Amino acid sequence: MREGRTVGSWLAANGKVTFGLSIVFFFIVVALVGPLLIRQSPTAFSADVLQPPSAAHWLGTTQTGQDVFAQVIVGTRVSLLLGFGAGLLATIVSVIVGLTAGYFGGLVDDVLSLLINVFLVIPAIPLAIIMAAYLPFRGPLPMAIIVTITGWAWGARVLRAQTLSMRKRDFVEAARASGESRLRIVFVEILPNEIAIVAAGLVGTVIYAILAQVGLEFLGLGDVTTISWGTIFYWAQNNEALLLGAWWWFLAPGCCVALLGAGLAFINFGIDELANPRLREERKLKQPAQAKKEAA
Amino acid sequence: MSTKITTSTTEEPILEAVHLKKDFPLRKVKLFGAAEAVHAVEDVTLVLRSGHATALVGESGSGKTTVARLLARLYAPTSGTIRYREEVIKARGERALQGYRRHVQIVFQDPFSSLNPMHTVRHHLSRPLRIYGHAHTASEEMQLITSLLERVNLTPAEQFIPKFPHQLSGGQRQRIAIARALAARPSVLLADEPVSMLDVSIRLDILNLLTRLKEEEQLALLYITHDLASARYFAEETLVMYAGQMVEGGPSEEVIQQAKHPYTQLLLSSAPDPDRFGSSGLQGNHKVAPWIPAKQVVSGNGSGDVPSLIKPPGGCRFHPRCPYAMPVCQQQFPPRRELGRGHWVHCFLYGGAHKTDAKPSTDVTDLQGQGGLEQSRSLNSRESIQ
Amino acid sequence: MMITEIRTGTLLEVKHISVDYGSSKGIVHAVNDVSFAIEQGQIFGLAGESGSGKSTLVYAIARLLQPPAVITQGQVLYYPTTRAGSESSQAGEAVDVLALNPAQLRAFRWRELSIVFQSAMNALNPVLAIGTQIIDVLRAHDPCMTRNEARSRALELLQLVGITPDRLHSYPHELSGGMRQRAIIAIALALNSKLIIMDEPTTALDVVVQRDILAQILRLRNDLGFSVIFITHDLSLLLEIADTIAIMYAGRIVEMGTREELLRAPRHPYTYGLLHSFPKLHGPSRSLRGIPGSPPDLRSIPSGCAFHPRCSFTLPACHTVVPALLPVASEKSKAPSLEALSSGHGPCVACHLYTTELNPGGPPERLESEYVN
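Quick notes on the rules
- Residues numbered from 1 in each chain as written.
- Chains lettered and ligands numbered in written order.
- Predicted model: local features only at pLDDT ≥ 70, side-chain atom pairs only at ≥ 80, totals over all residues.
- Helix = DSSP H or I, 4+ residues; strand = E, 2+ residues; numbered from the N terminus.
- Buried ≥ 20, exposed ≤ 12 C-beta atoms within 10 Å, placed from the backbone.
- Contact = placed C-beta atoms within 7 Å.
- Expected span 1.5 Å × (residues − 1).
- Pairing = 2+ DSSP bridges.
- Axes fitted to C-alpha atoms, helices over the stretch in contact; angles between N-to-C directions.
- Domains from an automatic or database assignment.
- Nonpolar A, V, L, I, M, F, W, Y, C, P; charged D, E, K, R; others polar.
- Right-handed = clockwise from strand over helix to strand, strands pointing away.
- Parallel < 35°, antiparallel > 145°, perpendicular 65-115°, else oblique.
- Left-handed = near helix turned anticlockwise from the far one by under 90°.
- Core = buried A, V, L, I, M, F, W, Y, C linked by C-beta atoms within 7 Å.
- pLDDT = per-residue confidence, 0-100.
- Arc of directions from axis to C-beta.

1. Quick look at the overall build of chain A
(1) Moving on: Check the secondary structure of chain A and you find 13 helices and zero strands.
(2) Moving on: The helix and strand sequence of chain A, counted from the amino end, reads α-α-α-α-α-α-α-α-α-α-α-α-α.
(3) Moving on: When the 296 residues of chain A are sorted by exposure, 43% land in the buried category.
(4) Moving on: Counted over contacts in chain A with a minimum sequence separation of 6, partners at least 24 positions apart contribute 70%.

2. Things to note about the overall build of chain B
(1) Moving on: When helices and strands are tallied, chain B shows eleven helices and twelve strands.
(2) Moving on: For chain B, buried positions account for 47% of its 386 residues.

3. Quick notes on helix α7 (residues 207–224) of chain C
(1) Moving on: For α7 of chain C, spanning 18 residues, the distance from its first C-alpha to its last is 25 Å, which sits close to the expected 26 Å at 1.5 Å a residue.
(2) Moving on: Turning to α7 of chain C, its buried residues are V207, V208, V209, Q210, R211, D212, I213, L214, I217, L218 and L220 of chain C.
(3) Moving on: Contacts from the buried residues of α7 of chain C go to α10 (262–270) of chain B together with α5 (147–161), α6 (177–189), β8 (227–232) and α8 (235–241) of chain C.
(4) Moving on: Backbone geometry just downstream of α7 of chain C places G225 of chain C in the positive-phi region, at approximately 75°.

4. Digging into the sheet that holds strand β2 (residues 26–39) of chain C
All names here are of chain C.
(1) Moving on: Spatially, the four strands line up as an open sheet ordered β2-β1-β4-β5, and their pairing is antiparallel. Looking at the sheet topology across the chains shown, the edges are occupied by β2 and β5 (95–96).
(2) Moving on: The sheet contact formed by strand β1 (residues 10–23) and β2 spans ten bridges and is antiparallel. Bridge pairing in β2 links V14 to F36.
(3) Moving on: The strands touched by helix α1 (residues 54–61) are β1, β2 and β4 (69–78); relative to β1, the strand with the most contacts, the crossing angle is about 115°.

5. So, the sheet that holds strand β12 (residues 348–349) of chain C
What links the strands of a sheet is backbone hydrogen bonding, and the strands pair in either a parallel or an antiparallel sense.
All names here are of chain C.
(1) Moving on: Strand order in this open sheet of eight strands is β6-β7-β8-β3-β9-β10-β12-β11, and the pairing throughout is mixed. Of all strands in the sheet, those bounded by a partner on one side alone are β6 (113–116) and β11 (326–327).
(2) Moving on: Looking at chain direction, strand β9 (residues 244–249) and strand β10 (residues 252–258) are connected through six bridges and run antiparallel. Across the sheet, Y249 pairs through a bridge with R252, a residue of β10.

6. What about the domain arrangement of chain B?
Residues and elements named next belong to chain B.
(1) Moving on: Its domain assignment divides chain B into domain 1 (13–25 + 36–242) and domain 2 (258–385).
(2) Moving on: Listed as interface residues are twelve residues of domain 1 and, on the opposing side, twelve residues of domain 2.
(3) Moving on: Contributing elements (two or more residues each) for the side of domain 1 that touches domain 2: β2 (37–49), α8 (228–234) and β9 (237–242).
(4) Moving on: By residue number, the principal contributor to the side of domain 1 that touches domain 2 is β2, which donates three residues.
(5) Moving on: Residue composition of the side of domain 1 that touches domain 2, grouped by class: six nonpolar, four polar and two charged.

7. Focus: the interface of chain A and chain B
(1) Moving on: Listed by partner, the interface residues are 15 residues for chain A and 23 residues for chain B.
(2) Moving on: Taken together, the elements giving at least two residues each to the side of chain A that touches chain B come down to α8 (170–177) and α9 (182–190) of chain A.
(3) Moving on: Broken down by element, the residue count for the side of chain A that touches chain B peaks at six residues, all from α8 of chain A.
(4) Moving on: Looking at the side of chain A that touches chain B residue by residue, the classes come out as five nonpolar, three polar and seven charged.

8. Some words on the pairing of strand β7 (residues 195–199) of chain C
As a general feature of sheets, a regular strand has side chains that alternate between the two faces.
Residue and element names in this part refer to chain C.
(1) Moving on: Of all five residues making up β7, five are buried, and the element is well covered by its neighbours.
(2) Moving on: Residues L195, I197 and D199 of β7 are buried on one face, and the alternating residues I196 and M198, pointing to the opposite face, are buried as well.
(3) Moving on: Here β7 pairs with β8 via five bridges, running parallel. Residue pairing in the sheet places D199 in a bridge with I231 of β8.
(4) Moving on: A crossover connection joins β7 to the parallel β8 through α7; in handedness this β-α-β unit is right-handed.

9. Points about the packing of helix α5 (residues 124–134) of chain A against helix α10 (residues 195–218) of chain A
Residues and elements named next belong to chain A.
(1) Moving on: At their nearest, the axes of α5 and α10 sit 11 Å apart, and the two run at 50° to each other. In terms of their interaxial angle, α5 and α10 are classed as oblique. The chirality of how α5 crosses α10 is right-handed. Across the interface between the two elements, I125, A128, I129 and A132 of α5 pack against A212, G215 and L216 of α10.
(2) Moving on: Among the residues making up the contact of α5 with α10, the classes are represented as six nonpolar, one polar and no charged.

10. Topic: the nonpolar core
Looking at soluble globular proteins, one finds that nonpolar side chains tend to be buried together.
(1) Moving on: By size, the foremost hydrophobic cluster in this structure holds 274 residues, and its most contacted members are L71 of chain B together with F230 of chain C.
(2) Moving on: Among the elements that take part in this core, helix α3 (residues 68–104) of chain A stands out by supplying 16 residues, more than any other.
(3) Moving on: Shared between two domains, this core holds at least three residues of each, these being domain 1 (13–25 + 36–242) and domain 2 (258–385) of chain B.
(4) Moving on: In contact with F230 of chain C, other than residues within four places in its own chain, are I43, F44, G45, L46, M198, L238, I241 and A242 of chain C.

11. Side note on the pairing of strand β3 (residues 52–57) of chain B
All names here are of chain B.
(1) Moving on: In terms of burial, β3 is a largely internal element, six of the six residues being buried.
(2) Moving on: Where burial is concerned, the two faces of β3 agree: the one with H52, T54 and L56 and the one with A53, A55 and V57 are both buried.
(3) Moving on: Alignment of β3 against strand β8 (residues 220–225), held across six bridges, turns out to be parallel. Bridge pairing in β8 places H52 opposite A220.

12. Topic: the environment of L159 of chain A
(1) Moving on: Mapped onto the secondary structure, L159 of chain A falls in helix α7 (residues 153–167).
(2) Moving on: Along the backbone, L159 of chain A and W247 of chain A are 88 residues apart, and their C-alpha atoms lie at a distance of 42 Å.

13. Some remarks on the confidence of the model for chain A
(1) Moving on: In this model, chain A carries a mean pLDDT of 83, and residues with pLDDT of at least 70 account for 88%.
(2) Moving on: A low-confidence stretch, residues 281–296 of chain A (pLDDT under 50), is modelled with 39 contacts involving residues beyond four sequence positions or located in other chains.

14. Description of the packing of α3 of chain A against helix α4 (residues 106–121) of chain A
Residues and elements named next belong to chain A.
(1) Moving on: Where α3 contacts α4, the two axes come as close as 7 Å, and the packing angle between them is 145°. By crossing handedness, the relation of α3 to α4 is classed as left-handed. Two secondary-structure elements touch here, α3 through V97, T100, A101 and F104 and α4 through G106, V108, D109, L112, S113 and I116.
(2) Moving on: Its residues assigned to classes, the contact of α3 with α4 shows six nonpolar, three polar and one charged.

15. Re α5 of chain C
Residue and element names in this part refer to chain C.
(1) Moving on: Taking 1.5 Å of rise per residue, the 15 residues of α5 would be expected to cover 21 Å, and the 21 Å separating its terminal C-alpha atoms lies within 8% of that figure.
(2) Moving on: Of all the residues in α5, the buried ones are A154, L157, L158 and V161. Down the axis of α5, the sector holding all buried residues measures 100°, keeping them to one side. Structural note: α5 exposes N148, S152 and Q159 on the side pointing more than 90 degrees away from its buried face.
(3) Moving on: Contacts made by the buried residues of α5 are with α4 (130–141), α6 and α7.
(4) Moving on: Phi for G162, located one or two positions after α5, is positive at around 85°.

16. Observations regarding unusual backbone geometry
(1) Moving on: Cis rather than trans, the peptide bond between T155 of chain B and P156 of chain B has omega equal to -5°.
(2) Moving on: Even without a glycine there, the phi angle at A243 of chain B is positive, about 45°.
(3) Moving on: Tracing the sequence through the fold places A243 of chain B in the loop between β9 and β10 (245–251).
(4) Moving on: Of note in the backbone geometry, W110 of chain C takes a positive phi value of approximately 75° without being a glycine.
(5) Moving on: Along the chain, W110 of chain C turns up in the loop between α2 (102–108) and β6.

17. A short note on the environment of D142 of chain C
All names here are of chain C.
(1) Moving on: Relative to the assigned elements, D142 resides in the loop between α4 and α5.
(2) Moving on: The partly exposed category is assigned to D142, around which 15 C-beta atoms lie within 10 Å.
(3) Moving on: Measuring from C-alpha to C-alpha, the distance between D142 and I241 comes to 32 Å, with 99 residues separating the pair along the chain.

18. Points about the confidence of the model for chain B
Residue and element names in this part refer to chain B.
(1) Moving on: Per-residue confidence for chain B gives a mean pLDDT of 80, with 79% of residues at or over 70.
(2) Moving on: Counting contacts from residues 1–9, a segment whose pLDDT is below 50, to residues more than four positions away or on other chains yields nine contacts.
(3) Moving on: Note that residues 355–386 has pLDDT below 50 and, in this model, 40 contacts with residues that lie over four places away or in other chains.
(4) Moving on: With pTM at 0.83, the complex prediction returns an ipTM value of 0.81.

Have a look at this one:
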């Protein structure tokens, strides 16, 4: 529970979250305005083939003389869009399924739990690969669907468990006694208390979405004609960048993925602390004093 | 529907529970035999009248909280009927029960968990106003919220409206819970141990508030508690429950000063009563307080504890601990016996045994005598103090 | 059952203890300059509501406080008694509890001072049988004890608290609430500690079980002669069981005296209000009022006497000057009885009504009218 300070001021004071947020914010800015600011077109061929990073090409060039830096910048937009979009979609599905199963119980819960368990048991990446391989069309939408289908179950399970325990709380019974409809109880009374978990789930799912998407594209199962971090990997792999020693080709997108993932993970640490006051880092004040604890 | 009863009589029964029973099935799968269940409430009958407070006294495991939730229809009874103003409540679904719920509201024990930590006071009070159609516009809502807060002595109201539960003290939260219940304009208020989790010095304030509301609104109050003294202070009628069964009831003064059921007597002598410490309390004669010692139970939970409700003792559930138990006590539950002046008891000591009106092993007058002796001792010690 | 040995002599002296908690808004004074003393074999009751600081105080004495709580001043002196023989004496020097190093503290704990916590379910390990837990405690503090010795001592302890020997191998969840609390008491008695701290030991229990447990505690005290610090918010309970009672409010002791004194002649308006917040089972029914207002938030304790916003007898000084805990002349001065007050000063109260300089007229005749209709 917040202790009289706004979430904002608390977030600002927390180092981990600030760090994570700044990384993510940085990438968002790059995605939004990056493509407008680059000098070279990412698809333009040039004579500088497989050049290491230099003044002309900050991250070197590909086998066809394309500027890696430009590609990474343009790819950011696609990857982020897909990552956040698919993550959001998967979270929405998990919220609806998890809360419904947790609150209604009985047959509804049994059926939905079965569904959740089935999807949890099926290995995500192999399923994603198979779906991507067999879908007749490629592109961001099928990718988003695949990620959603394989990524919703975990969050749903967590939310179901949380909702089961919330249901027994007195304020939920009080809402029933006040005549609230069940839908309102689930989404207006219970859900706000689970926001921290949903947020953490969202961030986790976004990480998964980005990784899954990059992985699938690396395997060539995405739309290889668009430019995204994953497709950069694909082309780098296809053209044997590793063997040729063109480390800049795949290191750049790799670092981006890793950095974004780290940033999101740090945000999650912060959300954990927001939800669970016991994990909160206590600032040291001048006198031997830290966060307030309720006296006996 | 108006909540103010303008008739002169306050004896009108508003809510009646008849032979309520509640079993909570356990999820264990049993291949043979009946499914196990927690038999929380076994045959409870009570009547609530407007302008009248009834106390339901019992310890943990007595089923008193379950009774409150049954009356609020948060649980559906396994069997038995609930009648509101003579009409049997048959509804089962949430929607259908809304009509019932506007008349019967509940205040919970724990002020820290009965308010949603993510919502303001305003939200908590506006929801019932909107749902039950008492406010249709924002300004009406505000007006009604302000008046509700004033009725529960939370002034200035504007200060409290935007607050979150964690910004309020326990007593304030409980007042909000009461205001929320009042927002529906009920005729019946079920208070489930409303002050047990509050600081001692503010309990009386809340109880006095409830009494005032009872008088102003002619509410029918059900006051659930484990504390006989506060039942005496607050309610005109006291009912005693043990392990899901009702054992004694009647006017509060009568039940407490002339307790007839051995369990009620046990409760009375176990309650802390500083007035008697001088002569017969724990310290005085260095001996245990003179309550009727319960028999040691060899198996099961051990002495002095409420029995398991999954496999409760047969007949009268108090018989394993009762010093006056007779063979008939474990065969059947004693029928209700009227003792006059509205005082009734379920105990074979007062007759009602199957074959004959069997003479109890201890003379009934002995019990009364003992009760009287106990009383006069405590009176003596009090007088000597003053 | 009479007290077999009458022990006198101070067991524990607490001098000017203050405990602070840090917070982002500043320092919270949870306990403020608290002093008292406990005799051997005495039951010392500490009563107070939320925010009174009673648990913090006692955890400070037991050195169980965790940061951000800090003891900012004060001393806790423990006078160990000789173990062999029954002579009462203050043998050995006083032990400065706050200055013990970890090894000494470990030796001190449980041999001299043990604790019974509020909720037995929290204190008992759910995966170990209670017998095992008792044996563990015994062998941890006395490694020379053999398993058999420990086992028979465990059985002895269970018998002492009224648990049948067949329960040695029961797990906590197999026992009822009352039995679990008894098991905790058995563990606390394992090493014959002279001082047992009981933090609301019966709050979670039903009134019938509570009386049982309290009677047990008294019986054990009479037989074994240990002292008890009994913390509770239920003053009516203390009036039955405690020899001396201290009432705490907002981190300070506001009144202290024997239970007779407190019951007969409560001096502090808060004590008076508290006593009259308990409806009576017998006697005339009167309309009671409780105490207006509510216990203060420790982050914003009122200036001067912390109780003044709720008090009907305030003097101008009450808003600014903190009253000190001072002895008051006992009206019916008797020679101190065997259940005599700790420091031998007689009843004490922290209230300006009893300070002649500030209140020359003397305290009001009857505090009653404010609290009872």
